[in-house]
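Read off the chains here:
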Amino acid sequence: SQQGEEDPQALSIQEGENATMNCSYKTSINNLQWYRQNSGRGLVHLILIRSNEREKHSGRLRVTLDTSKKSSSLLITASRAADTASYFCATDAVGGANSKLTFGKGITLSVRP
Amino acid sequence: DSGVTQTPKHLITATGQRVTLRCSPRSGDLSVYWYQQSLDQGLQFLIQYYNGEERAKGNILERFSAQQFPDLHSELNLSSLELGDSALYFCASSGQSSGNTIYFGEGSWLTVV
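What you see is a predicted model, and the numbers here were worked out from it, not measured in a lab.

**Examining the pattern of salt bridges**
Side-chain pairs of opposite charge can arise whenever the charged atoms involved come near each other.
Then step 1. Enumeration over the complete set of coordinates arrives at seven salt bridges over all chains.
Then step 2. Across the salt bridge formed by Arg41 of chain A and Glu106 of chain B, the nearest N and O atoms sit 2.5 Å from each other. In this pair, Arg41 of chain A is assigned in the loop between strand 4 (29–37) and strand 5 (43–50) and Glu106 of chain B in the loop between strand 10 (103–104) and strand 11 (108–112), connecting two distinct chains.
Then step 3. With a relative accessible area of 45%, Arg41 of chain A lands in the partly exposed category.

Now the structure itself:
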């Protein structure tokens, strides 16, 4: 079963709006990462947040991590049509093999121009 | 450009055949990972190599095997191919310079007919 489960499965917003995507996981983690994938392309690393961090920013991205709830959220502010892609959270579980990331099924984000 | 190179980009082959997918990791990265992405299974971790040795094994079928060579490039061998093996196969790499971040190649599209 997937370690990370993203929510919602699909999200459609207007350009300029904020997009919030959530990820829940089951076991204790070392870190959690978010990736983006454009259709048929490779995954692009967006941001990594460690288990002892609660919030992290990178440009228009804001990631939060709540280890007590085993959940994370990715906020994309002022969305653009180019943000249309699938977004995955990936966890690096404590006690897992070195840096073996487990991915969720992904969220399909559509940003309408 | 992630720096991870995969060949071939596209491959069509018949059931029962064998194919080899090739991956060159980012310069200096010692870890190589293979992932399979299909519509029904999502992104599945197959196997990880570190400096030539197998480090972690995921949902890799017995018909599949991989290796990492002294120059750190890796190959994924898929044999006795079935229709259900049609998927996008990703190679990824990581190293000390990237911490826990894993960088993905663009993938090899395998279609089994």
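**Here's the deal with the sheet that holds strand 7 (residues 61–66) of chain A**
All names here are of chain A.
Then step 1. Read from one edge to the other, the open sheet built from five strands follows the order 1-3-8-7-6, with strand pairing classed as antiparallel. A single partner strand is all that each edge strand has here, and the edge strands are strand 1 (5–7) and strand 6 (55–58). Taken pair by pair, the neighbouring strands of this sheet meet at an average axis angle of 20 degrees, ignoring direction.
Then step 2. Sheet topology note: the strand 6/strand 7 ladder contains four bridges and is antiparallel. When the sheet's bridge partners are listed, Ser58 is paired in strand 7 with Leu61.

Criteria and cut-off values
- Residues numbered from 1 in each chain as written.
- Chains lettered and ligands numbered in written order.
- Predicted model: local features only at pLDDT ≥ 70, side-chain atom pairs only at ≥ 80, totals over all residues.
- Heavy atoms only, no water.
- Salt bridge = Lys/Arg side-chain N within 4 Å of Asp/Glu carboxyl O.
- Helix = DSSP H or I, 4+ residues; strand = E, 2+ residues; numbered from the N terminus.
- Buried < 20%, exposed > 50% of the residue type's maximum accessible area, 1.4 Å probe, protein only.
- Pairing = 2+ DSSP bridges.
- Axes fitted to C-alpha atoms, helices over the stretch in contact; angles between N-to-C directions.

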